[in-house]
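Given next are the chains, with one letter for each unit.
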Amino acid sequence: MAAALKPYHQLITTTIPFIYRSSSATKMSASVSAISQRKLPVLLFDIMDTIVRDPFYHDIPAFFRMSMKELLDCKHPTAWIEFEKGLIDEMELARIFFKDGRHFDLEGLKSCIYQGYSYIEGVEELLSTLKDNGYEIHAFTNYPIWYKMIEDKLKLSSYLSWTFCSCVIGKRKPDPHFYSEVLQHLDTEPQNCVFIDDRLKNIEAAKDAGIIGIQFKNADSLQQDLSLLGITFQNGKTKTLESRV
């Protein structure tokens with residue numbers, strides 16, 4: 001993976017200021033000012049098993065006292081997907097979660113999931129450094145409204161914006177339309193974005209959209225891959241000294 005990456009500056013096809021597309025001259029003038037201060041590339045992060053440990057694979061089966069295979073066999077095939085897309089609320093999820101309609105302790109499940117959230121080793125420090133170096137960072141994640149529980153526990157908004165959540169947009173990766181909507185919202189070219197996700201199919205979809213993709217393995221390899229793209233990891237003190245030169 002790392003060997004295939006090229007420095008980010010080699011991938012930019014134009015050196016003119018990036019301008020938000022708008023039919024309004026006033027809005028365009030304001031956008032030129034804003035975008036001229038935008039540090040590229042824009043960083044798009046998957047959340048689960050990229051930034052945050054996903055409780056789904058271990059904690060949830062244990063909560064139901066099942067193996068993962070048993071859980072997959074008896075749960076509704078599309079209920080969680082519908083929940084992630086914001087098509088149903090958590091009460092409806094609880095009602096249809098199991099094929100046989102059995103009841104369970106929804107609040108207990110949420111508490112179990114909440115307790116299972118934690119930063120993946122080294123990632124919080126990496127995010128903090130990227131933010132300190134002025135990079136624009138967005139969540140780009142398949143997750144239901146329970147992303148608010150992640151925020152409550154881990155305060156990810158200290159480092160990124162919860163901009164692209166499937167439950168709000170109504171689409172899930174690797175749907176190409178989700179990637180198109182991200183690019184439209186950011187109002188920039190795809191080669192100005194770097195997307196990090198642990199799932200290869202989501203990375204492949206990003207590359208199909210023209211976005212630079214990095215498959216997450218661990219924090220150290222991610223830092224190496226980002227460095228190969230020319231993304232800086234200097235500390236705040238170094239940054240401040242250089243800005244005075």
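This one's a predicted model, so the numbers in the text were calculated from it and none came from an experiment. (Residues numbered from 1 in each chain as written. Predicted model: local features only at pLDDT ≥ 70, side-chain atom pairs only at ≥ 80, totals over all residues. Heavy atoms only, no water.)

### Points about the environment of Glu-151
- Counting through the fold element by element, Glu-151 comes out in helix 9 (residues 147-154).
- Beyond its immediate chain neighbours, meaning those up to four positions away, Glu-151 contacts Leu-156, Ser-157 and Trp-162.
- Reaching out from Glu-151, the side chain makes a polar contact with the side chain of Ser-157 at a distance of 2.4 Å. (Helix = DSSP H or I, 4+ residues; strand = E, 2+ residues; numbered from the N terminus. Contact = heavy atoms within 4.5 Å. Polar contact = N/O pair within 3.5 Å; in protein donor to acceptor, adjacent residues only side chain to side chain.)

### Some points on the packing of helix 8 (residues 123-132) against helix 13 (residues 219-228)
- In contact at an axis separation of 9 Å, helix 8 and helix 13 are set at 25 degrees when each is read in the N-to-C sense. Taken as axis vectors, helix 8 and helix 13 run roughly parallel relative to one another. The way helix 8 lies across helix 13 gives a crossing that is right-handed. Seen from helix 8, the contacting residues are Val-123, Leu-126 and Leu-130; seen from helix 13, they are Ala-219, Leu-222, Gln-223 and Leu-226.
- Grouping the amino acids of the contact of helix 8 with helix 13 by side-chain chemistry returns 6 nonpolar, 1 polar and no charged. (Axes fitted to C-alpha atoms, helices over the stretch in contact; angles between N-to-C directions. Parallel < 35°, antiparallel > 145°, perpendicular 65-115°, else oblique. Left-handed = near helix turned anticlockwise from the far one by under 90°. Nonpolar A, V, L, I, M, F, W, Y, C, P; charged D, E, K, R; others polar.)

### Structural notes on helix 9
- When helix 9 is considered as a whole, its buried residues turn out to be Tyr-147, Met-149, Ile-150, Glu-151 and Leu-154.
- Those residues of helix 9 hidden inside the fold are in contact with helix 7 (106-116), strand 3 (161-165) and helix 10 (166-169).
- A positive backbone phi angle near 55 degrees is found at Lys-155, which sits one or two residues after helix 9. (Buried < 20%, exposed > 50% of the residue type's maximum accessible area, 1.4 Å probe, protein only.)

### Quick look at the sheet that holds strand 2 (residues 137-141)
- Within the open sheet, the 5 strands sit side by side as 3-2-1-4-5. Their pairing is parallel. Bordering the open sheet on either side are strand 3 and strand 5 (212-215), each of which pairs with just one other strand. Adjacent strand axes in the sheet meet at a mean angle of 25 degrees, parallel and antiparallel pairs treated alike.
- Pairing of strand 1 (residues 42-45) with strand 2 involves 3 bridges; the strand directions are parallel. Bridging across to strand 2, Leu-44 finds its partner in His-138.
- Sheet contacts for helix 8: strand 1 and strand 2; angle to strand 1, the most-contacted strand, approximately 160 degrees. (Pairing = 2+ DSSP bridges.)

### Describing the pattern of salt bridges
- Inspection of every chain in the model, using the stated rule, returns 11 salt bridges.
- Measuring nitrogen to oxygen at the nearest pair gives 3.8 Å for the salt bridge that ties Glu-107 to Lys-110. You can see Glu-107 and its partner Lys-110 sitting in helix 7, 3 residues apart, about one turn around the helix.
- Within this structure, Asp-46, Lys-173 and Asp-197 form a network of salt bridges that share partners. (Salt bridge = Lys/Arg side-chain N within 4 Å of Asp/Glu carboxyl O.)

### Structural notes on the confidence of the model for the protein chain
- Averaged over every residue, the pLDDT of the protein chain is 86; residues scoring 70 or more account for 81%.
- Contacts of residues 10-35 to residues separated by more than four positions or lying in other chains number 24 contacts, the stretch itself having pLDDT below 50.
- The low-confidence segment residues 236-245, where pLDDT is below 50, has 5 contacts with residues more than four positions distant or belonging to other chains. (pLDDT = per-residue confidence, 0-100.)

### Comments concerning the side chain of Asp-54
- Here Asp-54 shows up in the loop between strand 1 and helix 3 (59-63).
- Here Asp-54 sits buried without a salt bridge, and the closest side chain of opposite charge, Arg-199, lies 5.6 Å off (N-O distance).
- When residues no more than four places from it in sequence are discounted, the contact partners of Asp-54 are Met-48 and Asp-49. (Lys, Arg positive; Asp, Glu negative; His and termini not counted.)

### What about the packing of helix 7 against helix 9?
- Axis separation between helix 7 and helix 9 bottoms out at 10 Å; the angle between their running directions is 45 degrees. Regarding the angle of helix 7 to helix 9, the classification is oblique. Judged by the sense of rotation from one axis to the other, the crossing of helix 7 with helix 9 is right-handed. On helix 9, the residues touching Lys-110, Ile-113, Tyr-114, Gln-115 and Gly-116 of helix 7 are Met-149, Asp-152 and Lys-153.
- Grouping the constituent residues of the contact of helix 7 with helix 9 by class yields 3 nonpolar, 2 polar and 3 charged.

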